[in-house]
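# Notes for the structure review
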Amino acid sequence: QVQLVESGGGSVQPGGSLRLSCSASGIIFSNYVMDWYRQAPGKERELVATITSGGGTNYADSVKGRFTISRDNAKNTVYLQMNGLNPEDTAVYYCSTFLRVRSSRVWGQGTQVTVSS
């Protein structure tokens, strides 16, 4: 059974930082592209950052230069370091990966990030 478990969310003031973690099980983690998505209240879920099995990264324009995605294959964990947070970053953040063998996307339960003064 594939499972993704996020942690590290919380409340911070504008300009603050948080690091999200996502622990994966049930897959050969190092083989998979891992994604971070977020969904703000009343908005559609959006892709924030992607890291390939080889460590290549890609970011949404709204977070470039502020967020960094990374992975530790020995720990089956993907991270999202978020710096320079602003209220527009307030959302539930989800870890996700696409399972080709099932042609389906797997999601974690999400972790809330709130940026407010």
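An account of the accompanying structure is given in this report. (Residues numbered from 1 in each chain as written. Predicted model: local features only at pLDDT ≥ 70, side-chain atom pairs only at ≥ 80, totals over all residues. Heavy atoms only, no water.)

### Some words on the packing of aromatic side chains
The cut-off we apply is this: Centres within 6.5 Å make a pair out of two Phe, Tyr or Trp rings, where for Trp the six-membered ring is used; the pair is then stacked when the planes are under 30 degrees apart, edge-to-face when over 60, and tilted otherwise. Helix and strand definitions here come from DSSP, where helices need a minimum of 4 consecutive H or I residues and strands a minimum of 2 consecutive E residues; each element is numbered from the N-terminal end.
On inspection of all chains with the given rule, the structure shows two aromatic pairs. An angle of 70 degrees between the planes, with centres 4.8 Å apart, marks the rings of Tyr37 and Trp107 as edge-to-face. Of this pair, Tyr37 sits in strand β4 (residues 34-39) while Trp107 sits in strand β10 (residues 104-107); the two residues are 70 residues apart in sequence, bridging distant segments of the chain. Judged by centre distance (6.2 Å) and plane angle (85 degrees), the ring pair of Tyr94 and Trp107 falls under edge-to-face. In this pair, Tyr94 sits in strand β9 (residues 91-99) while Trp107 sits in strand β10, placing the two residues 13 residues apart along the sequence. By way of ring pairs, the aromatic residues Tyr37, Tyr94 and Trp107 are connected into one cluster.

### Considerations on the sheet that holds strand β1 (residues 3-7)
What counts here: Strand pairing is assigned whenever DSSP detects at least two bridges linking the two strands. As a rule, the C-alpha atoms of each element are fitted with a line to give its axis, helices using only the stretch in contact, and angles between N-to-C directions run from 0 to 180 degrees.
Pairing within the open sheet is antiparallel, and its four strands lie in the order β1-β3-β8-β7. Each edge of the open sheet is held by one strand with a lone partner, namely β1 and β7 (67-72). Across this sheet, the average inter-strand angle for adjacent strands is 15 degrees, counted without regard to direction. Bridge analysis of β7 against strand β8 (residues 77-82) gives six bridges, and the strand direction is antiparallel. Bridged to Ser70 within β8 is Tyr79.

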